[in-house]
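An overview of the molecular structure
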Amino acid sequence: MWTKKKPCLRIDESYLKCKSPGCEFYGNEEWHGYCSQCHREQFQRRRKKVGFEVQHQEPHNSSSATSLKEKYVKASLPEFSKFEEKKRQQTEKTKKILSGIFRKSPEASKEKVRVESLLRSELREVEAVRQEAQDLLRAIGPAADADVHKCIRSFYKKLVQEVENPMTAIEDLSERTQNFYQLLTKRFDEQAMYAEMTNDQKEQLLDYTEKYAMTYMYQLLFCPPTTTDEEKDLNIQKRIRQLNWVSAKHMDCGINETSTETHDLVYSAITELLGMDSAKAPQDKLACVVRCCQKIFTLMQYCVEGPTSADDFLPALIFVVLKANPARLKSNINYVTRFCNASRLMSGEGGYYFTNLCCAVSFIENLTAESLNMPEDEFSQYMEGKIVPSNTWESALIMCEGMHLMNENLLRFAELSKKSDILGDEAEALRDEMVAFHDEMLQRIDDLKESYPLIIKPLKEPTDLDAEDPIVHELPPPLSPQVVTEKPKVAEIDSPESPEWRLTPLPDPNLTAVNYDFDLSDMSGGDLSTCEDLGTPGYQSMETASVQSLDLNAYHPTVVVKPVETPGAASLLDDPPIQEEVELPSPLKPEPSTSYQGFSSQGWQIPSIPCETGASRLGSDRSPGPMDNS
Amino acid sequence: MANRSGPQRPNGTAQAKICQFKLVLLGESAVGKSSLVLRFVKGQFHEFQESTIGAAFLTQTVCVDDTTVKFEIWDTAGQERYHSLAPMYYRGAQAAIVVYDVTNQDTFGRAKTWVKELQRQASPNIVIALAGNKADLANKRSVELEEAQAYAEENGLLFMETSAKTAKNVNEIFLAIAKKLPKSDQNAGNASGQGRRLVESESTAKPASACCSK
């Protein structure tokens, strides 16, 4: 497959290939245009050269150079024996590299002293990392905890040793770090002390290890002086500054530069991206990128219909990177690429967004007139600053932002005043309504008062039939039926008050019951008119009780039988009085019309009427009876 | 690339095998790459997509035989100007879907260049599928089914005409890819390797799978 190469469409194939003549592999800018193998060879050769150069330069250099030389020789001596070098001359390249190395060498000499102090400077943060992970560490148990930290310690001791050697390439450190992650993963899987952990815990522990180690060695590994990261940072920064005229329109990403909402979201995305530089652990930097990208997705929601695809997302990200111009962008990207667990970069959301960021940076680096769809000369004029477009982001931000804000605020005020007007109107309407309601209610109350005048009625009290009524004791003793025989007395007695008056008219003993019945029928008539007042004490008499009981019977079928069955009761209300009147000259005739009271007072003295038995029985059976009736 | 929490646990015999694969979507812009994925992942088409914010990175799981295949779908920007960035996306991908629009001959041409590029530059055992999207617009068709079919056979690609709108063949094409992906433990073992090393180790395993390399 590799041998069947055809010319690439965009870039010449030879440009992509390794710079070593005759090498069939592709080159990589990271390795100065060599493939990995040739780069390594180049690097070894370079070390050798440096050793020689330093020796040669010794007479010309100051005393500090002497110590430097010793160091270099020491460092490079083992390399001599280790590697067999191919002789391929790349003089130009080597010179360039050498100059780079000598520029850095004074720093390298101080390295040893710095390492300790640098590591110490991170101690507090490392402690914070450890604090954060306390739950996890407790969960995995002290043995695993100790083992993990032992691994980390041995790892960074080794790494520090390598870092102290200024000849160590950053790629070696990176490879060592990645190997460490892999070994640790393997260890977690194989060692017995980790056997009880869940996969999640292992993942977390690996994260923790990475965070701990990388935070600890951040100063050594981030933008180390042996690399050209710093130079690249400056280059991209300059490049982005040159491109400050690029607007969202150029990027074709549909961001509306003038709306405040998008401003805010672009700002927050930029803030997240800038935050990347202050994070220390690779995964924290990655998290910043992820957050930045999520902000961009939110932003795109305002600008594009439907969900954001990569077609919209990448231009927006490029735009944000251009506007953010993050500090030490390249260093950060390289640091993450080198020291973040590679599996994290190859997959997952973080990996995807980080890849996008790399793409954005790469796009910015290689930006041409063609990629912005504009004529070459216009592009170059922009780049040289000959023309300044009127609608750039900056001008929108700086010059017009005040106006924008004012307009926005005016609009908001107008809206608010409209709302407050509406509120006032509604409040007034509500007040009117309340007044109207109040009036209406008063009116209705008056109407009701008129149509239903207030009448205070006596309190109703339930009648307790079983209660001992003191009045009963005050009553005259019950009459004996024998008295009835004294018939002739009836005519002589005038006064209705006299108790005997009632009984005298009865002509013969056979008719006693009949007479009582007659009285009762009248009584019942009287009672009916004052039915409501049954409960009042004045009427608490045997008669009323009996009458009640009669009424009650109609409502209670269970007890109906008895009172009705009593011989008197059947004849009580209807025919008997008529028969009586025919047969007997009733002494009662004139009296009831003159005084009604007499009847009731007479009635109290009746000792036993047929209904009474029913009444007493009723009362004992069901005390709430009278209450029902009232 | 099976994930680390995969099947090779010493004491996880009862565990179902889980393989995670990275799948890139390539194709000219506006051929419906993201619609295709949204249909596959969320079962939605344009009208119902309010709830979805981003369609650039999505994951979906499918079951093939006794294996659970987790797709991690990376969308790419289809515009011509971003073409040169594509290798960054398909680096380390185990599968790719090259999408074209059946109503647009140009997009088919672009798809062919993508396929060529993938075969030359991506991981050697990458599974490539060709999807002719918008098959519901048959009356506006300008790329014939036979033409694309012949091309796919010639290049050893999976091929289907799909429609994100009617959901035709959407799940099918992902399932076909899942079936074709190597799910051996050997492959899974290479998972956590670094990009470079991953390529190396995969090229050693190349003879074992002859899915798309010509």
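In this text, all values refer to a predicted model and were calculated from it rather than measured experimentally.

About the thresholds
For every chain, the first residue of its written sequence is number 1, and the numbers climb from 1 along that sequence. All chains are assigned letters beginning at A, and all ligands numbers beginning at 1, according to the order in which they are written. Local features in this predicted model are restricted to residues whose pLDDT is 70 or higher, and side-chain atom pairs enter the listing and the counts only when it is 80 or higher, whereas totals over whole chains, interfaces and linings include all residues. The numbering of helices and of strands both runs from the N terminus, where a helix is a DSSP run of H or I of at least 4 residues and a strand a run of E of at least 2. In this scheme the burial state of a residue depends on its C-beta neighbours within 10 Å: 20 or more other such atoms mean buried, 12 or fewer mean exposed, and anything in between means partly exposed; the C-beta positions come from the backbone. In this description, any two residues whose backbone-derived C-beta atoms lie within 7 Å of each other are considered to be in contact. Here, a nonpolar core means buried Ala, Val, Leu, Ile, Met, Phe, Trp, Tyr and Cys residues linked by C-beta atoms lying within 7 Å of one another. Note that the domain bounds were set by an automatic or database domain assignment. At least two bridges found by DSSP between two strands is the condition for calling them paired. Every axis corresponds to a line fitted to the C-alpha atoms, with the helix fit spanning only the stretch in contact, and the corresponding angles, defined between N-to-C directions, vary from 0 to 180 degrees. Angle categories are assigned with fixed cut-offs, so that under 35 degrees is roughly parallel, over 145 is roughly antiparallel, 65 to 115 is roughly perpendicular, and the rest are oblique. Basically, the charged four are Asp, Glu, Lys and Arg, the nonpolar ten are Ala, Val, Leu, Ile, Met, Phe, Trp, Tyr, Cys and Pro, and anything else, Gly included, counts as polar. Helix span, expected: 1.5 Å multiplied by one less than the number of residues in the helix. The predictor's confidence in any single residue is recorded as pLDDT, a number from 0 to 100. The arc in question is traced by the directions running from the helix axis to the C-beta atoms.

Quick look at the overall build of chain B
When helices and strands are counted, chain B shows seven helices and six strands. Listed N to C, the secondary structure of chain B is β-α-β-β-α-β-α-β-α-β-α-α-α in terms of helices and strands. Expressed as a percentage of the 214 residues in chain B, the buried residues total 47%. Look at the contacts in chain B between residues 6 or more apart in sequence, and 71% of them connect residues 24 or more apart.

Regarding the overall build of chain A
Check the secondary structure of chain A and you find 33 helices and zero strands. Counting contacts in chain A only where the partners sit at least 6 residues apart, residues at least 24 apart contribute 73% of the total.

Quick look at the nonpolar core
Within soluble globular proteins, side chains that are nonpolar generally end up buried alongside one another. Ranked by internal contacts, the top residues of the largest apolar core, which has 142 residues, are I296 and L317 of chain A together with A96 of chain B. With eleven residues, helix α15 (residues 310-324) of chain A is the largest single contributor of residues to this core. Each of two domains, domain 2 (117-221) and domain 3 (229-391) of chain A, supplies a minimum of three residues to this core. Dropping the residues within four chain positions of it, I296 of chain A is found in contact with A269, F313, A316, L317 and V320 of chain A.

Things to note about the pairing of strand β3 (residues 67-75) of chain B
Residues and elements named next belong to chain B. The pairing of strand β1 (residues 17-26) with β3 spans nine bridges and is classified as parallel. By the bridge assignment, Q20 is partnered in β3 with K70. In this sheet, β3 lies alongside strand β2 (residues 57-64) in antiparallel orientation, the contact comprising eight bridges. From the neighbouring strand, F57 faces β3, where its bridge partner is W74. Two successive antiparallel strands, β2 and β3, enclose a turn made up of two residues, where D65 displays a positive phi of approximately 50°.

With respect to the sheet that holds strand β6 (residues 158-161) of chain B
Residue and element names in this part refer to chain B. Judged by pairing direction, the sheet is mixed, and its six strands sit side by side in the order β2-β3-β1-β4-β5-β6 without closing on themselves. Either end of the sheet is taken by a strand with one partner, and the two such strands are β2 and β6. Each neighbouring strand pair of the sheet contributes to a mean axis angle of 25°, computed without reference to strand direction. Along the sheet face, helix α4 (residues 145-155) touches β5 (127-133) and β6 and points at about 165° away from the line of β6.

Thoughts on the packing of helix α5 (residues 123-132) of chain A against helix α9 (residues 199-216) of chain A
Residue and element names in this part refer to chain A. Between α5 and α9, the shortest axis-to-axis distance is 9 Å and the interhelical angle comes to 170°. Here α5 lies roughly antiparallel to α9, going by the angle between them. Across the interface between the two elements, E125, V126, V129 and R130 from α5 touch K211, Y212, T215 and Y216 from α9. When its residues are assigned to classes, the contact of α5 with α9 shows four nonpolar, one polar and three charged.

Focus on unusual backbone geometry
Residues other than glycine seldom take positive phi values, yet N373 of chain A does so here, at roughly 60°. Here N373 of chain A is to be found in the loop between α18 (348-365) and α19 (376-384). With a phi angle near 65°, K134 of chain B is a residue other than glycine that sits in the positive phi range. Structurally, K134 of chain B can be placed in the loop between β5 and α4.

Description of helix α13 (residues 260-275) of chain A
Its 16 residues place the ends of α13 of chain A 22 Å apart at the C-alpha level, agreeing with the 22 Å of an ideal helix rising 1.5 Å per residue. Listed as buried for α13 of chain A are H263, L265, V266, A269, E272 and L273 of chain A.

Observations regarding the confidence of the model for chain B
Residue and element names in this part refer to chain B. Mean pLDDT over chain B works out to 78, with 74% of the residues at or above the 70 mark. Counted against residues more than four places away or in other chains, residues 1-14, with its pLDDT under 50, gives 37 contacts. Between residues 185-214, whose pLDDT stays under 50, and residues either more than four places distant or in other chains, the model counts 59 contacts.

Observations regarding the environment of V170 of chain B
Residues and elements named next belong to chain B. Within the secondary structure layout, V170 lies in helix α5 (residues 170-180). For V170, a count of 24 C-beta atoms within 10 Å translates into the label buried. Sequence-wise, V170 and R39 are 131 residues apart; in three dimensions their C-alpha atoms are separated by 7.2 Å. Not counting residues within four places of it along the chain, the set of residues in contact with V170 comprises L36, R39, F40, T162 and A164.

What about α5 of chain B?
Residues and elements named next belong to chain B. When α5 is considered as a whole, its buried residues turn out to be V170, I173, F174, I177 and A178. All buried residues of α5 project into a common sector of 140° when viewed along the axis, lining one side. The inward-facing, buried residues of α5 contact α1 (33-42), β2, β3, β4 (95-101), β5 and β6.

What about the environment of W31 of chain A?
Within the fold, W31 of chain A resides in the loop between α1 (13-16) and α2 (36-57). Sequence separation between W31 of chain A and E171 of chain A is 140 residues; the distance between their C-alpha atoms is 9.5 Å.

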